[in-house]
Amino acid sequence: MAATGKVAAFRLPPLPTIGEIIKLYRLKAQKQLSQNFLLDLRLTDKIVKQAGELKNAHVCEVGPGPGGITRSILSAGVEELLLIEKDARFIPGLQMLSEAAPGKVRIVHGDILTYKMEKAFPKHLKKDWENEPPDIHIIGNLPFSVSTPLIIKWLENVSKKDGPFSYGRTQMTLTFQKEVGERLTANPGSSQRSRLSIMAQHLCTVENCFVIPGQAFVPKPEVDVAVVHFTPLVQPKIQQPFELVEKVVRSVFHFRRKYCFRGIETLFPESRRLERTEQLMMTANVDPTLRPFQLSMSQFRNLCNTYRKMCDEDPSLFVFDYREELRQKKKARNLLKSTSQPEEEDQL
C-alpha cells in the first residue's frame, strides 16, 4: 500500500529544545546586534506558514540564530535549506540540526548583506519574471539593526531582477519592528506612510501578516514584532530606475510634516529651484499643498516620470545633491567669516 502524504512527511528526530540549545552552547543575545530569540515553536510554525507551501521548496533562512524557525522550516518538508548566519556562536547548534536532517541543510557563516544570493540556488529553479514565483523562499527573524537596510537592498534587487530575484519573483517572509511593518504596508493618508511604504509597494505586494508580542522573545524587546510577506510584482507601479525613484521619494519625504513642494524643491539647484519645482508639480498634476503621506502611488509615478524627462533634458539634475549644496554653502560662509575677522581686528 502506498504511503500517505502524512506518513511520508519529513520529521526531525528528538532534539534538545531551543532553550536547552541556548544553555548547552552558552548562547546569549547580544544587545549591540539587536538579537532576540523566539523559543515558542508554535509561533515559529506560524511564521513559516505565512511563506506558503514549502514542501520540496528551496529556502534561505537569514540569521537562524539558535534554530527555532529552522526547525519549523525543516518540518515543512523543504528540499533544501540554506542557513546564512553571521554570528559564529550559533554554528555548532545549527550543525546539530544539519546532522538531524541529512542532505537538507547548508550552513554559510557569513553576512547576508554581502552574500552573493544569485549563486545560492540550483539554476534549474529559475522562472521567467512573468511566470509564477519560483519554488524559492527567503525567511528570517531579522535583527532590528539590519532589517531596514536589508529590505532596501532586496527591493533594489527586485527592481534590477538580480541577487535572489535572478531566479524570478522570489517570495520573502520577514520580521520587523511593528512600526516598520506598519510603514511597509501603510496606505495614503496614514501617519505611518513613508519612503519605505512607496519603495516596497511599488515593487511588491506587501502583506502585514500578524504581530508577535515582545514578551514572546528572549530577551524581550521594547517593541512588538510584525511578520511581513513580500511577493514581487510582475510590473512595478513606477517604471523608472530604482535610484531615480528612491531619490524622488526620499526628497518628497525630506520635510514630511510640511507641504510636499518643500521636499520636491530639494531635487533642484538653488539657481532655478522655484521655477523647476513649479514645472515638475504642474506637469505631474500634483497639488503642492498636499503633505507627503497624502500622495497616492499614481502621484508618485507622475512625479518620477516627469522628473525623468527633466533629467533627460538636463543630465546635471540627476547628479545634483541638495545636502552637498548645503555643505558647500556652509563652507563658504565659514570661509567668509574667517577671512573677514582679521580685517575687523586691523580696524580696531
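All values reported here derive from a predicted model rather than from experimental measurement.

Engineer: Could you clarify how one ought to interpret the UniProt feature "binding site: S-adenosyl-L-methionine" (unreviewed entry) in the protein chain in this entry?
Structural biologist: Feature annotation in UniProt assigns "binding site: S-adenosyl-L-methionine" (unreviewed entry) to the following positions: Asn 36, Leu 38, Gly 63, Glu 85, Asp 111 and Asn 141. Assignment of secondary structure puts Asn 36 in the loop between helix H2 (18-24) and strand S1 (37-38). Here Glu 85 shows up in strand S3 (residues 80-85). Glu 85 gets classed as buried once you look at its relative accessible area, which sits at 5%. Every residue in contact with Glu 85, bar those within four places of it in the chain, is listed here: Gly 63, Pro 64, Gly 65, Phe 90, Ile 91, Leu 94, Val 108, His 109 and Gly 110. There is a polar contact of 2.8 Å between the side chain of Glu 85 and the backbone nitrogen of Gly 65.

Engineer: Looking at this model, I keep getting lost on helix H5 (residues 91-100). Mind explaining?
Structural biologist: Working note: α-helix, 3.6 residues per turn, so residues spaced by three or four point in the same direction. Considered for burial, the residues of H5 that qualify are Ile 91, Gly 93, Leu 94, Leu 97 and Ala 100. Against helix H4 (68-75), S3 and strand S4 (105-109) lie the buried residues of H5.

Engineer: Explanation requested: the side chain of His 137 in the structure shown.
Structural biologist: Tracing the sequence through the fold places His 137 in strand S5 (residues 136-140). Ignoring any residue separated from it by four or fewer positions in sequence, one finds His 137 in contact with Ala 51, Glu 53, Leu 54, Ala 57, His 58, Val 59, Cys 60, Thr 170 and Gln 171.

Engineer: Teacher, can you tell me more about the packing of aromatic side chains here?
Structural biologist: In this description, a pair of aromatic rings is defined by centroid distance and the angle of the planes. Per the stated rule, a full pass over the model turns up six aromatic pairs. Between Phe 37 and Phe 90, the ring centres sit 5.7 Å apart and the planes meet at 85°, which makes this aromatic pair edge-to-face. Taken together, the positions of Phe 37 in strand S1 and Phe 90 in the loop between S3 and H5 put the pair 53 residues apart, joining distant regions of the chain. Overall, the relative accessible area of 5% leaves Phe 37 in the buried class. Taking the centre distance of 5.5 Å and the plane angle of 85° together, the rings of Phe 121 and Tyr 167 count as edge-to-face. Highlighted residues: Phe 121 in the loop between S4 and S5 and Tyr 167 in the loop between helix H6 (144-160) and strand S6 (171-177), separated in sequence by 46 residues. By relative accessible area, Phe 121 is classed as buried at 6%. Overall, Tyr 167 belongs to the buried group, its relative accessible area being 1%. Residue placement shows Lys 46 over the ring face of Phe 210; its charged tip is 4.3 Å from the ring centre.

Each value, and the rule that gives it
- Residues numbered from 1 in each chain as written.
- Predicted model: local features only at pLDDT ≥ 70, side-chain atom pairs only at ≥ 80, totals over all residues.
- Heavy atoms only, no water.
- UniProt positions renumbered as here; feature names shortened; annotations may be inferred.
- Helix = DSSP H or I, 4+ residues; strand = E, 2+ residues; numbered from the N terminus.
- Buried < 20%, exposed > 50% of the residue type's maximum accessible area, 1.4 Å probe, protein only.
- Contact = heavy atoms within 4.5 Å.
- Polar contact = N/O pair within 3.5 Å; in protein donor to acceptor, adjacent residues only side chain to side chain.
- Phe/Tyr/Trp six-rings, centres within 6.5 Å; stacked < 30°, edge-to-face > 60°.
- Lys NZ or Arg CZ within 6 Å of the ring centre and 35° of its normal.

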